[in-house]
Amino acid sequence: MEKIVALCKRRGFIFPASEIYGGIANTYDYGHHGVLLKNNVIAQWWKAMIQERDDIVALDSAIIQHPRTWEASGHLEGFTDPLVDCRSCKLRFRADHIEEERAGDGHPEVRCGRAPSKLPGDYPECDLTEARAFNLMFETTIGPVKDAASTVYLRPETAQGIFLDFKTTLQWARRKPPFGIAQVGKSFRNEITPGNFIFRTLEFEQMEMEFFVPPDEVDSWHEYWLQERMDWYERLGLDRERLRLRPHGPEELSHYSNATSDIEYLYPIGWSELEGIANRGDFDLTQHAKYSGEKLEYVDTATQERYVPHVIEPAGGVGRTMLALLCDGYDEEEVEGRQRTVLRLHPQLAPVKVAVLPLVNRDGMPELAREIYEDLRGSVPAEYDDGGSIGRRYRRQDEIGTPWGVTVDGQTLDDRTVTLRDRDTLEQIRLPIDELGDELGRRLANPWRSPKLAA
Ligand code: GAP
């Protein structure tokens, strides 16, 4: 994990927020390459949810909703973590995580600050309080007066905005179950446990889809979405061996869930949740109908059949997907006696697809390289780099995961051919400048499998 964190900072992916003030707990900023990678992950999610199907529509609901939302959803009462404090080392832990770790189920976020290799309570000086419930929602107020009537909450999940807009969407989209509403956006949780980089942060982007189905079809749709979502992560290039499905035990289920399975990834901190896929039954629509007085049901105009749809919810995190991709893609190898670090990202996810590099900074090579770059960047995200030795520039591009490098050298000036270098195989071919665009387009459309896995 330390290597990933260092690379992310060095190459402008992700770094601590408010760093000049010493940072702020579990909060990170995304730099240029981080933003590009994040956008690509989100684009792949939308592609799978919207472009490749016709039974899901998009939504972007507000972060701050009517406060009754959270009464109805059960978050005001039930969205709590059981916390214990250590009176001695002053750290705060989640009681359930300590129990999991003791049971040998390996929860990596519970080390006591006094003795980093030990669990709280195993250290003689640890003096733990009783567990108490701590609500994870951030509160704020609307308007200038801070009182109970003006209290609102930053959403802890994007899902509730979808339930609030169920009726409107059903009307305008003219759908009938099974159909889904998908949303990507920020959620906020007052997490107190150490975050393990971007694994657990106070604000994070969720990719959530609520799939509304006839009640008697809910189990088969749950199975369907478990498979779909596993396949999606595999299509992003993640190692199947580092992905698993884990059903929740009854004590672990959220207050709204009838059944949940997590897709877990083997992060450097151990197997941990990447996405949760829940059967929420009719809990949310029924609750919001009760609290709002609106009828939230589906009525078949032909048969007059009416029912409250049940919901299957695949809920993933953008940050956790990025962390899995960074961990999976990170590789070190020796090439001709030199160590290189390379990020083997799926080319479709790589922040930059092609780097255009003049071999040296003279003889007209930079000018021609820039011309090629200007031409290519109309169709693929490209970078031009003429700073430092060619070896250094390749290393930099390897570390940000750029799948292809175009080099302009002496021969280019004579015959207008360039070399095209492959990040993974290091193979270089020579081709005319005019053929570059087509060749890159063809390579980008090809299926990709990490050579780490092939090996
Ligand atoms: N609507 C259901 C829901 O919110 P969740 O399992 O609490 O379920 C879904 O969250 C996903 O959101 C998680 O699988 C994870 O990827 C991401 N997530 C949740 N809390 C997070 C946090 N504090 N930091 C980063 N990602 C988080």
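Note that the coordinates shown come from a computational prediction; the quantities given were computed from them, not determined experimentally.

Undergrad: Looking at this structure, I do not really get the domain arrangement of the chain. What am I missing?
TA: Accessible area lost when the parts come together is the quantity often used to give the size of an interface. Along its sequence, the chain is organised into domain 1 (2–68 + 138–326), domain 2 (80–135) and domain 3 (352–454). For domain 1 versus domain 2, the distance between C-alpha centres works out to 27 Å. The partner domain 2 presents ten residues to the ten residues of domain 1 that form the contact. Buried area between domain 1 and domain 2, both sides added, is near 820 Å², and the carbon and sulfur share of it is 52%. Three residues stand out in domain 1 for area buried against domain 2, namely Ile192, Thr193 and Arg200, and they jointly supply 52% of the buried area on that side. Viewed at the interface, domain 2 and domain 1 are joined by zero salt bridges. Our enumeration of links across domain 1 and domain 2 arrives at zero residue pairs in polar contact (both at pLDDT 80 or more). Residue composition of the side of domain 1 that touches domain 2, grouped by class: four nonpolar, four polar and two charged.

Undergrad: How should the pairing of strand β9 (residues 179–188) be read in this particular structure?
TA: Where burial is concerned, most of β9 is hidden: nine out of the ten residues are buried. Examined bridge by bridge, strand β3 (residues 56–58) and β9 share three bridges and lie parallel to one another. Its bridge partner being in β9, alanine 58 is matched across the sheet by alanine 182. Relative to strand β10 (residues 203–213), β9 runs antiparallel, the two sharing ten bridges.

Undergrad: Got a minute to help me understand empty space enclosed by the protein in this structure?
TA: Unoccupied space between atoms shows up once a probe the size of one water molecule is rolled over them. This model, assessed by the stated rule, comprises one cavity of 30 Å³ or more. Roughly 70 Å³ of internal volume is contained in the largest cavity. Lining the largest cavity we find Leu236, Gly237, Leu238, Leu325, Asp328, Gly329, Arg344, Leu345, His346, Leu349, Trp448 and Ser450. Residues belonging to the lining of the largest cavity are distributed by class as follows: six nonpolar, four polar and two charged.

Undergrad: How should I be thinking about the pattern of salt bridges in this particular structure?
TA: Opposite charge on two side chains allows them to pair when their charged atoms are near. Under the criterion given, the structure shown has 44 salt bridges. The salt bridge involving glutamate 275 is made with arginine 229; its shortest N-O contact spans 2.9 Å. Placement of the pair is glutamate 275 in strand β13 (residues 270–281) and arginine 229 in helix α8 (residues 218–235), with a sequence separation of 46 residues. With respect to class, glutamate 275 is no different from arginine 229; both count as buried. With a shortest N-O distance of 3.3 Å, glutamate 383 and arginine 396 are connected by a salt bridge. Of this pair, glutamate 383 sits in strand β20 (residues 382–384) while arginine 396 sits in helix α12 (residues 390–400), and the two are 13 residues apart along the sequence. According to the relative accessible area criterion, glutamate 383 is buried, its value standing at 12%.

Undergrad: Looking at this structure, how should I read the nonpolar core?
TA: Nonpolar side chains in soluble globular proteins generally cluster together in the buried interior. In terms of nonpolar packing, the biggest core is built from 51 residues, with Trp225 and Leu274 touching the most fellow members. Broken down by secondary-structure element, the contributors of at least two residues to this core are α1 (2–10), α2 (32–51), β9, β10, α8, β12 (259–267), β13 and α10 (318–329). Excluding its chain neighbours within four sequence positions, the residues that come into contact with leucine 274 are Tyr233, Leu238, Leu243, Ile263, Glu264, Tyr265, Tyr267, Gly316, Gly317, Arg320, Thr321 and Ala324. If you look at the next biggest cluster of nonpolar residues, it comprises 21 residues, including Leu368, Tyr373, Tyr384 and Leu431.

Undergrad: Would you take a moment to explain the site of the ligand for this structure?
TA: As a structural note, the neighbourhood of the ligand is formed by 21 residues, with Glu157, Arg189, Glu208, Glu273 and Glu313 the closest of them. With respect to the ligand, the side chain of glutamate 157 contributes an N or O atom lying 2.5 Å from a nitrogen atom. Glutamate 313 places a polar side-chain atom, nitrogen or oxygen, 2.9 Å from a nitrogen atom of the ligand. Across the complex, the protein chains shield 92% of the 550 Å² of accessible surface that the ligand would expose by itself. Elements supplying a minimum of two residues to the shell around the ligand: β10, β13 and β16 (310–317). The element best represented in the shell around the ligand is β13, accounting for five residues. Tallied by class, the residues present in the shell around the ligand amount to six nonpolar, five polar and ten charged.

Undergrad: Is there a simple way to explain α8 in this structure?
TA: Given 3.6 residues per helical turn, the α-helix brings residues three or four places apart onto the same face. Counted at 1.5 Å a residue, the expected span for α8 with its 18 residues is 26 Å, and the 25 Å between its end C-alpha atoms agrees. Listed as buried for α8 are Val218, Trp221, His222, Trp225, Leu226, Arg229, Met230, Trp232 and Tyr233. Glycine 237 sits one or two residues past α8 and shows a positive phi near 105°.

Undergrad: Just to check I follow, could you spell out the sheet that holds strand β22 (residues 417–422) for this structure?
TA: The sheet built from five strands is open, its strands ordered β20-β19-β21-β22-β23 with mixed pairing. Two strands close off the open sheet at either side, each with one partner strand: β20 and β23 (428–432). The average undirected angle you get between the axes of adjacent strands in this sheet is 25°. Bridge analysis of strand β21 (residues 404–408) against β22 gives four bridges, and the strand direction is antiparallel. Residue pairing in the sheet places threonine 407 in a bridge with threonine 419 of β22. Contacting β19 (354–358), β20, β21, β22 and β23, α12 crosses the sheet at an angle of about 175° to β19.

Undergrad: Any chance you could explain the environment of proline 178 here in plain terms?
TA: Looking at the secondary structure, you find proline 178 in the loop between α7 (166–173) and β9. Between the C-alpha atom of proline 178 and that of proline 309, which follows or precedes it by 131 residues, the distance is 8.6 Å. Aside from chain neighbours lying at most four places away, what touches proline 178 is Asp55, Phe211, Phe212, Val213, Pro214, Glu217 and Trp221.

Undergrad: Explain the pairing of strand β4 (residues 80–85) to me, please; I cannot follow it from the model alone.
TA: The side chains of a regular strand alternate, first on one face of the sheet and then on the other. In terms of strand pairing, β4 meets strand β6 (residues 132–135) through four bridges, oriented antiparallel. When the sheet's bridge partners are listed, proline 82 is paired in β6 with alanine 133. As defined by bridge partners, β4 adjoins strand β5 (residues 92–94) across three bridges and the pair is classed as antiparallel. What sits directly across from leucine 83, in β5, is arginine 94.

About the criteria used
Residues numbered from 1 in each chain as written. Predicted model: local features only at pLDDT ≥ 70, side-chain atom pairs only at ≥ 80, totals over all residues. Heavy atoms only, no water. Domains from an automatic or database assignment. Contact = heavy atoms within 4.5 Å. Buried area = accessible area lost by both parts, 1.4 Å probe. Salt bridge = Lys/Arg side-chain N within 4 Å of Asp/Glu carboxyl O. Polar contact = N/O pair within 3.5 Å; in protein donor to acceptor, adjacent residues only side chain to side chain. Nonpolar A, V, L, I, M, F, W, Y, C, P; charged D, E, K, R; others polar. Buried < 20%, exposed > 50% of the residue type's maximum accessible area, 1.4 Å probe, protein only. Helix = DSSP H or I, 4+ residues; strand = E, 2+ residues; numbered from the N terminus. Pairing = 2+ DSSP bridges. 1 Å grid on protein atoms, 1.4 Å probe; cavity = no way out; pocket = protein on both sides within 12 Å on 5 of 7 lines; lining within 4 Å. Points joined across faces, edges and corners; volume = space filled by probe spheres on them. Core = buried A, V, L, I, M, F, W, Y, C linked by side-chain atoms within 4.5 Å. Near = heavy atom within 4 Å. Areas by Shrake-Rupley, 256 points an atom, 1.4 Å probe, with all protein chains shown as cover. Expected span 1.5 Å × (residues − 1). Axes fitted to C-alpha atoms, helices over the stretch in contact; angles between N-to-C directions.

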